[in-house]
Each structure stands twice: as C-alpha cells, then as structure tokens.
Amino acid sequence: MKQQGVHPEGAEGTSDAEPRPDITEEAREEVHIDEVEGDEPLLPARVHRPSDLMRLLVGVLAVVLLLGIAAFAHGTTSGLEQDINKGTGQAPDLLIKIAGLASSIAILLVPVAFAIERLIKRDGLRIADGVLAAVLAHGVTLATDLWVAKAAPSSIQEALTQPSPGDIHALTDPVHGYLAPVIAYMTAVGMSRRPRWRSVLWIVLLLDAFSMLVTGYTTPFSIILTVLIGWTVAYGTLYAVGSPNVRPTGRTLMAGLRHVGFRPVSAAREESPDAAENDRGRRYFVTLEDGPPLDVTVVDREQQAQGFFYRAWRNLTLRGFATRSSLQSLRQALEQEALLAYAAIAAGANAPKLIATSELGPDAVMLVYEHTGGRTLDSLADDEITDDLLRNTWHQVQALQSRRIAHRRLAGDAIVVDRSGTVILTDLRGGEIAAGDLLLRMDVAQLVTTLGLLVGAERAVASAVGVLGPDAVADCLPMLQPIALTRSTRATLRRLARERAQREREAVLEASQQAKQARLEAAGHDTSPVVLEKPDKKAVRAEARAEKRAIDDALEEAREEDLLTQIRHQVLLIRPQAPVEPARLERVRPRTLMSFIAGAIGAYFLLTQLTHIEFGPLMANAEWGWVAAAVLFSAVSYVAAAMALLGFVPERVPFPRTVAAQVAGSFVKIVAPAAVGGVALNTRFLQRAGVRPGLAVASVGASQLFGLGCHILMLLSFGYLTGTEKTPSLSPSRTVIAGLLTVAVLVLVVTSVPFLRKFVVTRVRSLFAGVVPRMLDVLQRPQKLVTGIGGMLLLTACFVMCLDASIRAFGDESTSLSIASVAVVFLAGNALGSAAPTPGGVGAVEATLTVGLIAVGLPKEVAAPAVLLFRLLTLWLPVLPGWLAFNHLTRKGAL
C-alpha cells in the first residue's frame, strides 16, 4: 500500500460542506456518485494477465509430463488400466446407462444454460472467448488424435487408446473431441469464479468420465489428457486475446464507500510518481459530507499483476529473502496490507490508520484510511530536510524493527511528512511480520541510501548512528549493494553513475585540449629560426609525459566516489572493524542460467551425434602425426595472439610476459564468456604493464575492432572461394549471397527499430570509446600496425590449420576438405562462440563446427571426433597451463 497525502487544491474546504435541503436523499446519492475528479483514463477493453500465461505454461508442462509417463512407464499405465477396469466392471448396468445418458445430455445443456445466463447479464465478451477457446481446443484434439494414430510411439498409443467395444478392430479416441472443447469453453468464460456452476460442471465431468471408463470407450490417461488440453487451450486463448477489463472506476468506488457507511461528496484520483513500481493500487482523496476526508486505495487484479515477472524473477534468483508472493490473491493482498497497517501502529510507528475494508466486486478491493496530508520526503526542498526530520524518520524505523517488522520499501515516496513535521511511514503492503535479521538490515541499508541521495552520505550515516547506534548501522554494510535496494533506487544510482562518467570524460577532454593549446602557444612564441631537421625525441617525449600528467591530474580531480562507497567510508570512520564484504544474495545469476541452458543444449546435440560413433576403431586408425601438427598450431596461436595485442599498444610492453598473459586467458575463458574474459584480462594486463587505464581500454578496443573487421573480410573471402570451387564461373555461391542478404536485412532491422538501434549504439560506443585517437597513434608507427594485423592473420591461420589437422587425423584423402571450406566453418563457429553466453562458447562452438563440417561434405563419423580434438587442444588442455600462468602473473603483479 502506498499512501501519499497530497490532495487537490481547495479539496479540503469541501469536507464540511452542508447538504442541500432541496435535494432528496436518493437524488443526492446519484449526484454524488457522478462527482469524481481525476477518474481513470480510458481503459483498454482487454488486458493480458500474467496468471493466464503461468497457467498455460503449467498446462503444457503437465501434458508433456503425462505423455512422458505414458511413454516410459508402460507397465504402470497397463496396471492402472487393469485395476480400474476390474473395479468398474462390478458396477450395475442400470447405473451405468443412467450415468451415461445424464452426462451426455448435461454436457450439452450446461454450456448452453451458462451462455444464456451470461447473455442476460450482458456479458457477451466472455461467451465469445469461450466459443473461440472451444474451437481451438477441438482443433488441438484433432491434431492430437492424428499424431497418436500416425506418429506417436506404441507405448503412448496403448496408454491413450484401447480396442473399441463396438468394433474390436478399431481403437477408441485418444482425446475426446467433445469433452475438451466443453472444458475449454467453461474455463474461458470464468466458471471458476461462480461456485454453483463450477459444482455442476464437475458433477457432469465425473459422470461422463465414469460412464466412459466403465463402458470401455476410454482410458484414464485419455481422460486426464482431455482435461489438460481443454484447460491449457482455454488459458492460452485468454492470454492471447486478453481478458475483459473489469477494473473498477471511481464511480464504483463511491458506491462502495456508501455501501460501508460513508457519505462521500467527491473523489479525486492521485497519480503515482513512480509508474514502474505502481503495483500497490490506485489512490483517491475522498471528501465526506460530514467528517474529515479519507485516503482510499483500490487494488484490482490488473494492477496486482503489474511487476509479476519481475517479482517472480527476484524470488527465483535471490537467496535468504524474497519479495511478496508472485501469485497473490486479492483476499491475501487485502489481509496482508491490513495486518501490516495494524501491526505498525501497534509497534508505535506513525502509519496511516486503516478504518475500513471492502470488496468492490469479484475483481477489486478497497482499503479506507484516515487522511494523512503532507508531502513525501523526496518532494521536500533541501533546506526543509533538517537533522530533526532525519532523526524522526529513523525513530519510526526503529519502532518497526523493535517488533521485527520489515518495511521492504523505504524509498523517498514512502515517507510522508505532514504539516506539523511528523514523519509517517506509508506503503506497508510489501512488508513482513516476524522478519529475519537479513530483512531488517536491508531496511537500514535502503533508508540510509535513500537519505544519502537527499542529504549526502555524511548526514545520512550520522542520523542513523544517532538513533540506531553504530553497531546496527555497521551490520548493514554487507547489504549495501544495488541488488538489495528497490528498483527506483537502483535506477537513480545508475543515472548518477552515468552523470559521473560523463563529467570525467569532459574533464579529460578539457585537459587534453588545454595541453594541446599550451603546446601550440609555446610553439608560436618560439622565434628561433626554422631548421629543417628531425624533431628532438626527448622534447616530444617530455611533451607527451606532460600531457599525460595533466590528463591524469584532471581525471583524478574529476573522479567521484559513488554514493554506496561514500556511505561505507562514513561507517568505517566510526567502526573500522565493520564487515564490508557484500553478502551473497543471488541464488543464481542470469549469466549462470544462460550458460547452463546453452551448455545443456550443446551437450544434448553432441551426445546425439556421438552415440552413433565407435571411438575404439576410430582412435586406433588415427593419424598421430596430424595430431602432433594440431598441437603445434594450437601452441603457436598464443604467440600470434600476443602479436595481435601488442600491435595496437604504442607503449613498450614485454613480449614474453604478453604471451604468458594470452596463455592465462585460456583459463579465464572457462570462467567467463570468451568475448568478456579476454577483454578484461588484456585490459588489466596492460594497466599493470604501465599503460594508462584509458589508453589500455582503447588499445584492447582497437584490437577488437580490427579483429572484427578482419574476421568479416576473411569470412566473406573464404565464402566466395568456397562457392567458386564447385562452379566453373567466378560468381559466388547462393549460400554466400543468401548470407549477405541476411546480414543486410539484420542491419536494416537494427537501424530502423529505435530500441535496437539505441542498444547497439550504446554497446559499440562503450566498447570502442577512445579507439579512434588510439588508432591515430598506431598509424604513426607502421611497424606496430604490421605486427598487429599480421598477428591477427596468423592467429586465424593457426586455428584453421589446427582444425584442418584435426580433420586429417581422423579422415583420409577421400574425406579431406579444402582450406577455404575449413576456414569458413571455423570463422562461423568462432563468431557464434564469441556471441554465446557460455564460458569459452561451450556448446555453441561444438554444435556449429560439427554442423558446418557435415554441411560442407565431411562424414559425421569424422566431423564429430575432429571437432572434439580441436576443442580439446584449443580450450580444455590449455586450462592447466593457463591457471599456472595466471597465478604466476598475479604473484608478479602483472594481473
């Protein structure tokens, strides 16, 4: 619940308005109901509920699980069918006939009766949804029947069908073509929210299932599959077309207030300042005929669903604590908010007083509070946030924590200051009773960050220590990390970080321009005669060092610590022994999850390819000379990688240590994606070698940029040569043309869609920031440029020759491929491996290389072991030397 006590100008004066004597009571109610200010804007006719999507996914998983049981637990399914047939065989025939007749009639009459009832109540949209769901369910049943009859495994067919009693040569239907549409129809029209109709439906379904089982026209698995298909299709239809929007308006609110005994005059809608987190309900300021005004919060299913997937992801990935339940009913939301409101007041904290609750139909509830008034903390001016106000805020939090109540969202808009200066804590809906130490410490970390954004780290920490004590504040340091803060606070911290980075860039550019201007002015004042000779190298180096010192000084002066670091420093001044290591709050990281999924897909693909290969005879017939050649090419690649890096570093860096750094990179690739780990390691290595951080990033970026260009050019060149190998003309193959057209279409799509264009430009700009000036420095030294480009070409050649040697180790002359074909396969696989989120491109590279080699004509029996040997030599075997090199360079201070 989020209560903000701001009401419209002049609304307060209406609270004591006298009723007009010339208007009857009934007329006055009608007039008052229509007096709604700031009511909801035009609402969409349909909304897509996340709960419908979740039910759809659950239904799909249940269908897959059922088919899996039917396929792999054949003995269990057969035994279950025999037990059911034995038990139902003892039922009286008269009972069976009556049940079958009644269910056959009711299965048709119940949907028609419900449709008539809905049409009378003018709810035709739901009937249309039900008819659409029934049609789709019928289509799915026909497709399922066809699949079971033609292509399904025999175990599934036996579980879902049996010989028909009327014709022993025919089989019963796997899915009931009339029952699944009925279930889909009744689910889509909202039967679950009407208990009487739901009871009738279940009775009809049970009767029909009983009669079908007893007469031998179905199987238990067939009935379960029919119900799941109808249920799943219904929720899939509802999510696709949307459910009718039944969100209550302000007029409905006025009627609900009158229903619980209030006499409202008018209601004004209060807009939330934070729409991103506005899942706590709509707020209204309501004036009454007699008595003070009210603050009313309306919570409906649509607003409750906002942020559903975000909360679900937080519950999945964070350990030790979780946000409120992702699938929370309206009744649970009402009870939780009421409980927190009463508990906060009982704890001695200032919180809005809850005076009434009520339902507004089946899809909304309202909570009525006494009007608080005042302004939110983040809307106050700087001079209004006094030290007394800060201490008062901490006293309110202390009162909550004394009763183990966690607020969970102590942002600036959740703290209201009334006209007398009293601090009121609102937005208690997401709180928790009997909270653990972790949640209480997170509240302290959140509030000290909120106050730090308003008054600075020093005043925020001082006010917290003055109320809670130094130990309680020091204990919150491990929680002082972005993931433990609210979404709005994280967004603010990211915005401030971007502003700091922009100021640092501007300071560096200004210092560089001033140094160049000073050098030009010094050259202009030099009146000595011009002598045509080479410039003094010492003077040039001195000027370069002076410019570097000026830039470093400007960068050091402009560098600012982020707010969280400032708060840590302030706390450490009071408690130097306080723990500062951030607590591990993430259960699973997005990168880890993506790596696991991609690795599982790659492993599945490789296992399916390797199951048909006999490795014993293959290894006995391997050419070990080509294996040794592949090992040699793999070793030379590290020398080539060092050349490719140093070619774009004008500063002097030891070559042997650079080669060792590239070997260490083979260990880093296992713990980070290839496109990330190598860049970070090389940047760190250059910084430790004496290259300024900005120039180190620019050098690595220049190397990456040139490598990308060379990669694309070589891919196109070798692709062209591959296309001309099988045709007498020099025209490229259709594959190359299709690839170029695909790239062109992707470029057009990216440039035409604003979101994609902004995403790509931001990533490229951050990756290659400062590359152009660095490239100008490199171009002045042709030897360096030749070294860099030559190293890139040599690096690619080493990998291509290593893959070619691996192929020749397991093949013969009849299965050999041209170098151009091998190069195309390698370049394509390497590109996908760099883009894959898995460490070292595990899974993606193996799958791409294997498919590529098979596509260019290599037998599967040779392609799979060749790829495994290539990846063994270039990824897995270098891990141990890489780990040794990494530790050696770390001890030497080179990493």
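See above for the structure.
Residues numbered from 1 in each chain as written. Predicted model: local features only at pLDDT ≥ 70, side-chain atom pairs only at ≥ 80, totals over all residues. Heavy atoms only, no water.

(A) Representation of the packing of helix H15 (residues 437–455) against helix H20 (residues 563–574). Put simply, H15 and H20 touch, their axes get as near as 10 Å, and they point 110° apart. Taken together, the axes of H15 and H20 lie roughly perpendicular to each other. Listed contacts from H20 to Val448, Thr449, Gly452 and Leu453 of H15 are Leu563, Leu564 and Ile567. Classifying every residue of the contact of H15 with H20 gives 5 nonpolar, 2 polar and no charged. (Axes fitted to C-alpha atoms, helices over the stretch in contact; angles between N-to-C directions. Helix = DSSP H or I, 4+ residues; strand = E, 2+ residues; numbered from the N terminus. Parallel < 35°, antiparallel > 145°, perpendicular 65-115°, else oblique. Contact = heavy atoms within 4.5 Å. Nonpolar A, V, L, I, M, F, W, Y, C, P; charged D, E, K, R; others polar.)

(B) Inspection of the packing of aromatic side chains at higher detail. Evaluated as defined, the whole model comprises 3 aromatic pairs. Aromatic pair Trp231 and Tyr235: ring centres 5.1 Å apart, planes at 75°, arrangement edge-to-face. Placement of the pair is Trp231 and Tyr235 together in helix H9 (residues 220–241), with a separation of 4 residues, close to one helical turn. Given a relative accessible area of 26%, Trp231 falls into the partly exposed group. Judged by centre distance (6.1 Å) and plane angle (80°), the rings of Phe826 and Phe870 are edge-to-face. Highlighted residues: Phe826 in helix H31 (residues 819–835) and Phe870 in helix H33 (residues 860–876), separated in sequence by 44 residues. (Phe/Tyr/Trp six-rings, centres within 6.5 Å; stacked < 30°, edge-to-face > 60°. Buried < 20%, exposed > 50% of the residue type's maximum accessible area, 1.4 Å probe, protein only.)

(C) Spotlight on the sheet that holds strand E9 (residues 375–376). With respect to topology, 3 strands assemble into an open sheet ordered E9-E10-E11, the strand pairing being antiparallel. For this open sheet the edge positions go to E9 and strand E11 (423–425), each flanked by a neighbour on one side alone. Along the sheet, helix H14 (residues 387–402) contacts strand E10 (415–417) and E11; its crossing angle with E11, the most-contacted strand, is approximately 35°. (Pairing = 2+ DSSP bridges.)

(D) Structural view of the pattern of salt bridges. Per the stated rule, a full pass over the model turns up 12 salt bridges. Between Arg375 and Glu384 there is a salt bridge; the shortest N-O distance is 2.6 Å. In this structure, the salt-bridge partner of Asp427 is Arg409, at a minimum N-O distance of 2.8 Å. Placement of Asp427 in the loop between E11 and H15 and of Arg409 in the loop between H14 and E10 is noted, with a sequence separation of 18 residues between them. The buried category is assigned to Asp427, whose relative accessible area is 2%. Judged by relative accessible area, which is 7%, Arg409 ranks as buried. Within this structure, Arg409, Asp413 and Asp427 form a network of salt bridges that share partners. (Salt bridge = Lys/Arg side-chain N within 4 Å of Asp/Glu carboxyl O.)

(E) Structural detail: the nonpolar core. Residues Trp394 and Ile567 are the most contacted members of the largest nonpolar core, which totals 57 residues. Elements with a minimum of two residues in this core: helix H13 (330–346), H14, E10, E11, H15, helix H16 (457–468), helix H17 (470–474) and H20. By residue number, the principal contributor to this core is H15, which donates 9 residues. Listed in part, the 34 residues of the second largest apolar core include Leu785, Val800, Phe826 and Leu858. (Core = buried A, V, L, I, M, F, W, Y, C linked by side-chain atoms within 4.5 Å.)

(F) Looking closely at the environment of Val845. If you trace the backbone, Val845 turns up in helix H32 (residues 844–855). Assessed through its relative accessible area of 7%, Val845 is described here as buried. It is 8.7 Å that separates the C-alpha atoms of Val845 and Arg871, two residues lying 26 residues apart in sequence.

(G) Expanded view of the environment of Val639. Counting through the fold element by element, Val639 comes out in helix H23 (residues 624–646). Sequence separation between Val639 and Gln662 is 23 residues; the distance between their C-alpha atoms is 8.1 Å. Excluding its chain neighbours within four sequence positions, the residues that come into contact with Val639 are Phe655 and Val659.

(H) Representation of helix H7 (residues 179–188). Here H7 lies mainly inside the structure; 10 of its 10 residues are buried. Along H7, the residues that are buried comprise Leu179, Ala180, Pro181, Val182, Ile183, Ala184, Tyr185, Met186, Thr187 and Ala188. Following H7 by one or two positions, Gly190 adopts a phi angle in the positive range, close to 90°.

(I) Region of interest: the packing of H23 against H33. Taken N-terminus to C-terminus, the directions of H23 and H33 make an angle of 40°; their axes are 9 Å apart at the nearest point. Two packed elements cross with a definite hand, and for H23 against H33 that hand is right-handed. Along its contact with H23, which presents Val627, Ala630, Val631, Ser634 and Tyr638, the element H33 presents Leu869, Leu873 and Thr874. Taken together, the residues of the contact of H23 with H33 sort by class into 6 nonpolar, 2 polar and no charged. (Left-handed = near helix turned anticlockwise from the far one by under 90°.)

(J) Fine view of unusual backbone geometry. Residues other than glycine seldom take positive phi values, yet Arg404 does so here, at roughly 60°. Summarising the element assignment, Arg404 is placed in the loop between H14 and E10. Take Arg404: its relative accessible area is 34%, and that puts it in the partly exposed class. Positive phi values are uncommon outside glycine, yet Asp427 reaches one of about 60°.

(K) Inspection of the state of the cysteines at higher detail. Applying the stated criterion across every chain, the model contains 0 disulfides. Cysteine Cys798 remains unbridged, with the sulfur of Cys802 as its closest cysteine sulfur at 8.9 Å. According to the relative accessible area criterion, Cys798 is buried, its value standing at 4%. (Disulfide = S-S within 2.5 Å.)

(L) Looking closely at the side chain of Thr658. Position of Thr658 among the secondary structure elements: in helix H24 (residues 655–671). On the basis of relative accessibility, which here comes to 0%, the residue Thr658 falls in the buried class. Not counting residues within four places of it along the chain, the set of residues in contact with Thr658 comprises Ala642, Leu645, Leu646, Val653 and Phe685.

(M) Representation of the side chain of His407 in the model. With respect to the element layout, His407 can be found in the loop between H14 and E10. Of note is the side chain of His407, whose polar atom sits 3.1 Å from the backbone nitrogen of Arg409. Each residue touching His407, except ones within four places of it in the same chain, is listed here: Leu400, Ala414, Leu425, Thr426, Asp427, Leu428, Gly430, Gly431 and Asp443. (Polar contact = N/O pair within 3.5 Å; in protein donor to acceptor, adjacent residues only side chain to side chain.)

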